[in-house]
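Chain by chain, the residues:
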Amino acid sequence: MPEKKSVVQRVKKTLRQRNRSSESNNTKKKTSKADGTEAPSKISRLKAAFTNRKRNPNTLTKSVSKENNTSRSSQSRETEPRSRMNSIMSSIDMEEDAEPFGQSTTDLLAEIKKEELKEQKEQNERKEKEKKDERKEDKKEEKKEKEERKEDKKEDKKEEKKEEKKEEKRDDRKEETKEEQTRDTKDDTVRYDDKVSAPKAPTKRSKVWLGMPAALNFFNNNKDIQKIRSEYEFLDSLVCNKTTEAFDANTVRNRQGSPKIYDDNRIKLNRPGHDDVNYINANFWHMIYQEQITLVYLMVPDKALKNTPTSLFKEESGEYQYVGKMFINNRRAEVSGDPKEYTIEILPEGNSDSVMCQVHHHALWEHLQQAPKTRPIIKMIHQFLTEKQIQNAGVCVVSLFGCGRACSFIGALYAINQLNNGIEPKICDIMRDMKQQRPSATESFAQYAGIYAVVLDYISRKRGSKKDPINKDINRFIDELCDITPASSPNKTKPVY
C-alpha cells in the first residue's frame, strides 16, 4: 500500500490545484473569445482525465489525444495557443497522484485537526512515559539508599564482632598466663642450706569493674520506657524563677530561638575599653582564650556551621582566619574518624601567648534528636574520664544553643562517672540540677531517652560479651530507646522549683 501523505503535503497539493484551476479558467475565457468554441466541456473533460486517481496513464493519454483531434478538426493549429497545451500536459505530469477537486476546505481542516490531536496525544503519552521513568529512577535511588544503610549496619555489626573476638582472645591469653604463673610458682622453689623456701612471685589479678553491681541495679530500675517518659514530662514542667536581665538587654547579640541565660552563672567577658559590653554571645573565641579552655566538645552539624556568616575555624590543617581581632589557626586536622579532631591555636591581637585548644567535633547529632550512634559519645566520655591531661584541662561543651545536646552529653558523662565510682546514677536528678543552671537542658523526650541509651550501652560494653543474657536484654532495650523520635511535651502549667 502507498504511504499515507502528511498534512503539509496535502495542503501543498490543494494549493497547486487551485492555482491551476484559476489558470485554466483564464485560458478558457481567452479561447472562447478567440474562436467561439465550447471550451468549458473540453476543459472539464481534461480535468476529469488528469485528476482521477483510479484511471491508468493509458486511458489518460487516449482522452488527451481524442481532445486534440477534435480541436484540430474544429480549428487550425495556428489559432490554438501552444501555451495552454503545454500547461495542460505539465499539469497532467505533476498531478498524477492529486486528489479530486471536489474536496472541500472543511474536510481538509477536519483532517488537519485529527492530525494535530493525534500528535498531541503522542506528546502526552511521551510525557507520561517520562514521568513513569522518573518515578522508577526515584524508586531505584531509594532502594540504593536503603541498601547502603543496611550495608552500614552490617559493617557496624562486623566491627562489633571483631572487637568482641579480640576481647575474648585477650581474656583467654590472660587466663593462660595466670595458669602458667601459678604452675611456675608451685614448681619453682629455691633450696637454701637452711631449707627456707623462696617467696612466691606475685600474681596479677584482673581488675573487676567497681560499678558492676550499681550498673545492674540501674538497668533493673530503669527498663521501662513509660517511667522514663514520666521523668521527662516532670522535668519539662519545671520553671526556674531566676533573672535574665543580660539576655533581655542583648537581644541583638542573641541567636534567633536561643533559650535564655541566667544572670547568676553567665560568663562575663573582660574587654578593655568595652566594660559596658561583657556579653558572651557572638564572642566564642574570646571566651575560650579568657577562660583558658584547652578542650572543646563540639556537638554541631556541619550544615549549621556552614550557615553562619563567618566559619568557626578552617577545617584544613595549616589554614587560618581572623574572627574579629582573634587569630584562629588550624594546626592539626584528623577528619577520618568520628568525632573529627582538630588542634586550634587562638591568639588575640596584640598578645604573644596563644592558647592551644583540642576540638572534638561530632557532626552527626541533629537538633532535638538523640545521638545517631552511641559509640562516638562513649569514646569522648571515656577519653575525658581516663586521660589525666584532660582531667586537669579547662573543658567546654558546645551545641547550637548550648542546652539540649550539650546538656545531654554532660548528663551521660556525669552518670557514667558515678557508675565507675560504684554509685547508681539518677538521671532525673542529674538533669534537674542541670536545669537549674541552664534553661531547656532537656529539649525533647528523644534527647532525654538518648542519655539512658548511652549509659546502658556503656554498661553493656563494660560487662563484656553480648552472648550474656543480661547484655541481650540491655541491647534490646537500647534498640527501643533509639527508635524514639523527637516529641514536645505539654508545658502550659509549670510549677516553680
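Residues numbered from 1 in each chain as written. Predicted model: local features only at pLDDT ≥ 70, side-chain atom pairs only at ≥ 80, totals over all residues. Heavy atoms only, no water.

S.K.: Please clarify how the pattern of salt bridges should be interpreted in this entry.
M.R.: Pairing between side chains of opposite charge can happen when their charged atoms approach one another. Applying the stated rule across the entire model yields 11 salt bridges. With a shortest N-O distance of 2.6 Å, E231 and K227 are connected by a salt bridge. Of this pair, E231 and K227 both sit in helix α7 (residues 225–236), separated by four residues, roughly a single helical turn. Of the residues examined, E231 reaches a relative accessible area of 13% and is grouped as buried. The salt bridge involving K242 is made with D264; its shortest N-O contact spans 3.2 Å. Pair noted here: K242 is in the loop between α7 and α8 (245–249) and D264 is in the loop between α8 and α9 (284–290), with a separation of 22 residues, a long-range link. Taking relative accessible area as the criterion, D264 reaches 54% and is therefore assigned exposed. (Salt bridge = Lys/Arg side-chain N within 4 Å of Asp/Glu carboxyl O. Helix = DSSP H or I, 4+ residues; strand = E, 2+ residues; numbered from the N terminus. Buried < 20%, exposed > 50% of the residue type's maximum accessible area, 1.4 Å probe, protein only.)

S.K.: What should I look at first to understand the packing of helix α6 (residues 212–221) against helix α15 (residues 445–463) in this one?
M.R.: α15 packs onto α6 with a crossing angle of 135° between their chain directions and a minimal axis gap of 11 Å. By the angle between their axes, α6 is oblique relative to α15. Every pair of crossing elements has a handedness; the one defined by α6 and α15 is left-handed. Where α6 abuts α15, its residues M212, A215, F218 and F219 lie against Y452, V455, L456, I459, K462 and R463. Classifying every residue of the contact of α6 with α15 gives eight nonpolar, no polar and two charged. (Axes fitted to C-alpha atoms, helices over the stretch in contact; angles between N-to-C directions. Parallel < 35°, antiparallel > 145°, perpendicular 65-115°, else oblique. Left-handed = near helix turned anticlockwise from the far one by under 90°. Contact = heavy atoms within 4.5 Å. Nonpolar A, V, L, I, M, F, W, Y, C, P; charged D, E, K, R; others polar.)

S.K.: Before we go on, may I ask you to explain the nonpolar core in this structure?
M.R.: Note that soluble globular proteins tend to have their nonpolar side chains buried in a common cluster. Counting 50 residues, the largest nonpolar core has M431 and Y448 as its most contacted members. For this core, the elements supplying multiple residues, two or more each, are α6, α7, β1 (293–299), α11 (374–386), α13 (404–420), α14 (427–435), α15 and α16 (469–482). Top element by residues in this core is α15. It accounts for 12 residues. With near-sequence residues (within four places) excluded, M431 lies in contact with L235, C407, G411, A441, T442, Y448 and I451. Ranked by size, the runner-up nonpolar core spans 22 residues in total, among them I288, V296, L305 and F313. (Core = buried A, V, L, I, M, F, W, Y, C linked by side-chain atoms within 4.5 Å.)

S.K.: Help me understand the environment of Y452 in this model?
M.R.: Considering the arrangement of structural elements, one finds Y452 in helix α15. Relative accessible area serves as the criterion here: at 1%, Y452 is assigned to the buried category. In this structure the C-alpha to C-alpha distance between Y452 and L481, which are 29 residues apart in sequence, comes to 7.9 Å. Beyond its immediate sequence surroundings of up to four residues, Y452 is in contact with F218, N222, K227, I228, E231, I427 and L481.

S.K.: It is not clear to me how unusual backbone geometry should be interpreted in this structure. Could you clarify?
M.R.: For residues besides glycine, phi is generally negative; the peptide bonds are generally trans as well. A cis amide bond links D338 to the next residue, P339, at an omega of 10°. Structurally, P339 can be placed in the loop between β3 (326–334) and β4 (340–348). In this structure, L368 takes a positive phi of about 70° despite not being glycine. Within the secondary structure, L368 sits in the loop between β5 (355–361) and α11. Look at S440: it is not a glycine, yet its phi comes out positive at around 55°. Tracing the backbone shows S440 in the loop between α14 and α15. On the basis of relative accessible area, S440 is assigned to the partly exposed category, the value being 30%.

S.K.: Mind showing me how you'd approach the pairing of β5 here?
M.R.: In the case of a regular strand, side chains alternate between the two sheet surfaces. Within β5, five of the seven residues are buried, which leaves the element mostly enclosed by the surrounding structure. Sheet topology places β1 next to β5; four bridges connect them, and they run parallel. Each residue of the ladder has a partner; that of V296, found in β5, is V359. By the bridge criterion, seven bridges tie β4 to β5 in an arrangement that is antiparallel. Residue pairing in the sheet places E345 in a bridge with M356 of β5. (Pairing = 2+ DSSP bridges.)

S.K.: What is the right way to look at the environment of L235 in this model?
M.R.: Here L235 is to be found in helix α7. The spacing of L235 and K435 is 200 residues in sequence and 8.3 Å in space, taken between C-alpha atoms. Discounting residues that sit within four places of it in the chain, L235 has contacts with C428, M431, R432, K435, T442 and Y448.

S.K.: For this particular structure, what's the right way to read the packing of aromatic side chains?
M.R.: Given two aromatic rings, one states the distance between the centres and the angle between the planes to describe the pair. Inspection of every chain in the model, using the stated rule, returns 10 aromatic pairs. Consider the rings of Y232 and F445, whose centres lie 5.9 Å apart with planes at 50°: the pair is tilted. With Y232 in helix α7 and F445 in helix α15, the pair connects residues that are 213 residues apart, well separated along the chain. For the pair Y232 and F445, a shared accessibility class is recorded, and that class is buried. The interplanar angle of 40° and the centroid separation of 6.3 Å between the aromatic rings of Y232 and Y448 together place this pair among those described as tilted. Of this pair, Y232 sits in helix α7 while Y448 sits in helix α15, and the two are 216 residues apart along the sequence. Residue classification places Y232 among the buried residues on the basis of a relative accessible area of 2%. Residue classification places Y448 among the buried positions, given a relative accessible area of 0%. Taken together, the aromatic side chains of F218, Y232, F445, Y448 and Y452 make up a single cluster linked through ring pairs. (Phe/Tyr/Trp six-rings, centres within 6.5 Å; stacked < 30°, edge-to-face > 60°.)

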